[in-house]
Amino acid sequence: MAFEDLKHAQRARLEYLDRLFFWDGAATRASLVKRFGISNAQAALDFRTYLAEAPKDGPHYDASSRQYLALDSFERLTGKASSMELQQLLTSEPSSSFDRLPDLQRTQDMRVLRPLYRAYKSQIAVRIVYQSMRDPEPMTRWIAPVRFASDGVRLHVRAWCYEREAFRDFHPARIDPIRSFIETKPADTVPRDDDWFTWAIMQLKPHCRLTEAQQRVVRIEFGFNGDVLEARTRKALEFYTERRWGLEQKEPRLERVSIDYVPMSAEEIDAN
């Protein structure tokens, strides 16, 4: 990435300038002054620094509009663009041109997360009182936390359940913080979590119920490069991946062609 040797503040300004040229096709010194509260002289210096790195056919000054313009062929200096950048640009505007759905964050009780984390770090088992969605009343269980994972909405803990004699995912919000973690014991009987160290490689395609035109836009939407799209996740997280991609919905846009389970290599285990 360009500008790596610059101080953080100036690098942030030049990255913002790069985004403006890509999305707006134009930028001025006033753009930087308004966004960062810097002087006009500093904004001029930022422009000189940016243009010194730009190719010869990069942004050029247009006297009639009094701004620097970028051609449609403009290539960014600081990596690929993202939709998140567009959201940042839209939310920085005073107008009501952008909004988002309410973020229903799940409860994250530190009285639960902290002892779970400490049990994981210390490799001990803890007794918890857990309310599952399958059982009508809370149940007492001994678990040994071994991993944490996120499904994009909430954090959950993967643990060895001594009652079920299997690895299970537990949602921290369903653990009673008052009646749990009172008792602990060494977690010296936990087996290897093979599902965590196994890849689930799914081959996906647009759902067969869709028309040809609908399948074509689904391929564009999900970034297909061939007939099928490969999605790779841990076998332990397969359920969450399918739910996030909507494969179990009533009218899904994607369907699974096949799935292969491939044990991770020693190098992959070390890296993961």
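The coordinates are above.
Remember, predicted model here, so these are calculated numbers, not experimental data. (Residues numbered from 1 in each chain as written. Predicted model: local features only at pLDDT ≥ 70, side-chain atom pairs only at ≥ 80, totals over all residues. Heavy atoms only, no water.)

**Structural notes on the pairing of strand E4 (residues 124-130)**
With 6 of its 7 residues buried, E4 lies for the most part within the structure. Pairing of E4 with strand E5 (residues 139-150), which is carried by 5 bridges, proceeds in the antiparallel orientation. Across the sheet, arginine 127 pairs through a bridge with tryptophan 142, a residue of E5. (Buried < 20%, exposed > 50% of the residue type's maximum accessible area, 1.4 Å probe, protein only. Helix = DSSP H or I, 4+ residues; strand = E, 2+ residues; numbered from the N terminus. Pairing = 2+ DSSP bridges.)

**A look at the sheet that holds strand E9 (residues 198-206)**
The sheet built from 3 strands is open, its strands ordered E10-E9-E11 with antiparallel pairing. Whereas interior strands pair on both sides, the edge strands pair on one side only; in this sheet they are strand E10 (229-234) and strand E11 (254-263). Each strand of the sheet is rotated relative to its neighbour by a mean of 25 degrees, with strand direction disregarded. Pairing geometry for E9 and E11, over 9 bridges, is antiparallel. Paired with threonine 198 across the bridge in E11 is proline 263. (Axes fitted to C-alpha atoms, helices over the stretch in contact; angles between N-to-C directions.)

**Observations concerning helix H5 (residues 110-122)**
Between its first and last C-alpha atoms H5 spans 18 Å; for 13 residues at 1.5 Å apiece the expected length is 18 Å, and the two agree. Looking only at H5, the buried set comprises Val112, Leu113, Leu116 and Ala119. Viewed end-on, H5 has its buried residues packed into an arc of 130 degrees, placing them on one side of the element. Turned more than 90 degrees from where H5 packs its buried face, Met110, Arg114, Arg118 and Lys121 sit exposed. Among the structural elements, E4, E5 and strand E6 (155-161) are those in contact with the buried residues of H5. Count one or two residues on from H5 and you reach glutamine 123, which has phi positive near 55 degrees. (Expected span 1.5 Å × (residues − 1). Arc of directions from axis to C-beta. Contact = heavy atoms within 4.5 Å.)

**Notes on the sheet that holds strand E1 (residues 26-27)**
Spatially, 3 strands are ordered E1-E3-E2 in an open sheet, and the strand pairing comes out antiparallel. In this open sheet, the two strands that pair with only one neighbour each are E1 and strand E2 (60-62). In terms of strand pairing, E1 meets strand E3 (residues 67-69) through 2 bridges, oriented antiparallel. By the bridge assignment, alanine 27 is partnered in E3 with tyrosine 68.

**Some thoughts on the side chain of arginine 158**
Among the structural elements, arginine 158 can be located in strand E6. By relative accessible area, which is 7% here, arginine 158 ends up buried. In terms of polar contacts, arginine 158 uses its side chain to reach the side chain of aspartate 193, at 2.7 Å. The contact partners of arginine 158, leaving out residues within four places of it in the chain, are Ala144, Pro145, Val146, Arg147, Phe167, Arg168, Asp169, Asp193, Asp195, Trp196 and Ala236. (Polar contact = N/O pair within 3.5 Å; in protein donor to acceptor, adjacent residues only side chain to side chain.)

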